[in-house]
Amino acid sequence: MGEDSVRIFEVGPRDGLQNESVILDVDRKVEMIERLVEMGVRDIEFGSFVHPKWIPQMADTEEVARRVTRREGVRYWGLVPNLVGLERALEANTTHIATFMSASETHNQHNVNRTVDESLDCLKTAYETANAEDVTIRAYVSTAFGCPYEGDVPFDRVLAIAETLLAQGADMIALGDTIGAGTPHQVRDGARRAIEAFGVDRVAMHLHDTQGMGLANALAAYQAGIRIFDTSVGATGGCPYAPGAAGNIATEEMIHMFDGMGVDSGIDRDRVLEVAGWVDRETDIDLPSKLYQYTSQLEAAEDQTEETRATA
Ligand code: HMG
Ligand code: MG
């Protein structure tokens, strides 16, 4: 990966599907993941090992993990909240896990039923087991740029939690803007501080586009040096424990932006749009992605013109 190029971390099958009322069956989930890998992503979050009572959309993650064909050079990540989740993930041969906790107390309580300190302790135990099993650990710090319940979140607190998680055995951090609360200069400053503290290879940006700032924030983060970005095909998703939360930045829109800047992502925009088209056709999910909506309207208009010509 060149110094200026970016790595796209696709979270559609997890973050994208966890907040949709439509529950995809295992066949479709597996096909979605395989299509995303086929299109060129090298990091993919295939699902979560959370309590099925709270997130029924992810109840069959073990089966998904078992059925997906693993491709050489691709990292398949499972989201894990605690030791029970880790044990389920290990049972399903997961070699890469992503854990999560929030920087704000109230969101953490709503999301995982723990205080921030309890979460740090709980993850410490899980990391000991994961490290012993040679599992790679990504650690989300959610509400990094604002909390749906508490508002502003001091960035010192975000950095302190990230530092503790790394010291406890995590390999890298993902800064989660859970409700897209950040604005570009805030995200730029946070990105700079995180890179300075942990190094560019250990910091990813997990931005949601809830309040219209998604791509502007991504650009600010890129300019600050961030090179790993989480996206979701079609811009589906959101956190079920953040009222009104919307999806991550659409994978196709992020790539469209980077293509225009001459920044290599290793992924072809049009192939992402094809996968978005597949999700649109195969599910009842409305894809919020503006680029997808625009290109599909364009295609429909072209088809209409051809039909009119053919019958003229
Ligand atoms: P809890 O009720 O506090 O768990 O839930 P507990 O430890 O008290 O255990 C109670 C029972 O649950 C026990 O069973 C456990 O075995 C079982 P019992 O003894 O009563 O029969 N249990 C589990 N079962 C299956 N899988 C597990 C598990 N853990 C315990 N992993 C828990 C705590 C975290 C499990 C629960 O609150 C939960 O699953 N919450 C869901 C949270 C979630 O999925 N949120 C969305 C993902 S996070 C996100 O979207 C943000 C992110 O995208 C970044 C960003 O945008 O900022 C990552
Ligand atoms: Mg998220």
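A. Region of the structure containing the overall build of the protein chain. Helix and strand counts for the protein chain come out as 12 helices and eight strands. Considered along the principal axes of its C-alpha atoms, the protein chain spans approximately 70 × 40 × 35 Å. When the 312 residues of the protein chain are sorted by exposure, 55% land in the buried category. Considering only residue pairs separated by 6 or more positions, the protein chain has 75% of its internal contacts joining residues 24 or more positions apart. Here the protein chain displays about 13600 Å² of accessible surface, and carbon together with sulfur accounts for 46% of that area. Charge-centre separation for the protein chain: the mean point of 27 positive side chains lies 2 Å from the mean point of 52 negative side chains.

B. How the structure looks around the site of ligand 1. Around ligand 1 sit 28 residues, and of these Gln18, His51, Asn111, Ser142 and Thr178 come closest. Between ligand 1 and Arg88 there is a distance of 2.9 Å, counted from a nitrogen atom to a side-chain nitrogen or oxygen. Here an oxygen atom of ligand 1 and a side-chain polar atom of His206 are 3.0 Å apart. The fraction of the free accessible surface of ligand 1 (1100 Å²) that becomes covered by protein chains is 74%. Grouping the constituent residues of the shell around ligand 1 by class yields 13 nonpolar, 11 polar and four charged.

C. Representation of the coordination of the magnesium ion (ligand 2). Protein coordination of the magnesium ion (ligand 2) is provided by Asp15 (OD), His206 (NE2) and His208 (NE2), with donor distances spanning 2.1 to 2.2 Å. For the magnesium ion (ligand 2), the single-chain donor residues occur in sequence as D-x190-H-x1-H. His208 carries the same exposure label as His206, and that label is buried.

D. Molecular detail of the pattern of salt bridges. Throughout the structure, instances matching the rule amount to 19 salt bridges. Put simply, Arg28 and Asp25 hold a salt bridge, and the shortest N to O gap is 3.0 Å. With relative accessibility at 30%, the residue Arg28 sits in the partly exposed group. A single salt-bridge network, built from bridges that share partners, covers Arg7, Asp43 and Arg75.

E. Seen up close, the nonpolar core. Membership of the largest hydrophobic core comes to 103 residues, with the highest contact counts inside it found for Leu165, Leu175, Met205 and Phe229. Here the element with the most residues in this core is helix 7 (residues 155-167); it accounts for seven residues.

F. Geometry of the pairing of strand 5 (residues 136-142). Counting buried residues along strand 5, six of its seven residues qualify, which places the element largely inside the surrounding structure. Judged from the four bridges that link them, strand 5 and strand 6 (residues 172-177) form a sheet pairing that is parallel. Along strand 6, the bridge assignment pairs Arg138 with Met172.

G. Fine view of the packing of aromatic side chains. What the rule picks out here adds up to five aromatic pairs. With a centroid separation of 5.5 Å and an interplanar angle of 50 degrees, the aromatic rings of Phe229 and Phe258 are classed as tilted. In this pair, Phe229 sits in strand 8 (residues 228-231) while Phe258 sits in helix 10 (residues 251-261), placing the two residues 29 residues apart along the sequence. Each member of the pair, Phe229 as well as Phe258, carries the same accessibility label: buried. Each member of the aromatic cluster is reached from another via a ring pair, and the members are Tyr222, Phe229 and Phe258. Over the aromatic face of Tyr222 sits the side chain of Arg227, whose NZ or CZ is 3.8 Å from the ring centroid.

H. Representation of the environment of Gly146. Within the element layout of this structure, Gly146 appears in the loop between strand 5 and helix 7. With sequence-adjacent residues up to four places away left out, Gly146 is seen in contact with Gly151, Val153, Ile179 and Ala181.

The rules we used
Residues numbered from 1 in each chain as written. Chains lettered and ligands numbered in written order. Predicted model: local features only at pLDDT ≥ 70, side-chain atom pairs only at ≥ 80, totals over all residues. Heavy atoms only, no water. Helix = DSSP H or I, 4+ residues; strand = E, 2+ residues; numbered from the N terminus. Buried < 20%, exposed > 50% of the residue type's maximum accessible area, 1.4 Å probe, protein only. Contact = heavy atoms within 4.5 Å. Areas by Shrake-Rupley, 256 points an atom, 1.4 Å probe, with all protein chains shown as cover. Lys, Arg positive; Asp, Glu negative; His and termini not counted. Charge placed at Lys NZ, Arg CZ, Asp CG, Glu CD. Near = heavy atom within 4 Å. Polar contact = N/O pair within 3.5 Å; in protein donor to acceptor, adjacent residues only side chain to side chain. Nonpolar A, V, L, I, M, F, W, Y, C, P; charged D, E, K, R; others polar. Donors = N, O, S within 2.8 Å, 3.2 Å for Na, K, Ca; no water. Salt bridge = Lys/Arg side-chain N within 4 Å of Asp/Glu carboxyl O. Core = buried A, V, L, I, M, F, W, Y, C linked by side-chain atoms within 4.5 Å. Pairing = 2+ DSSP bridges. Phe/Tyr/Trp six-rings, centres within 6.5 Å; stacked < 30°, edge-to-face > 60°. Lys NZ or Arg CZ within 6 Å of the ring centre and 35° of its normal.

Everything listed here is a matter of coordinates, which is why it stays silent on function.
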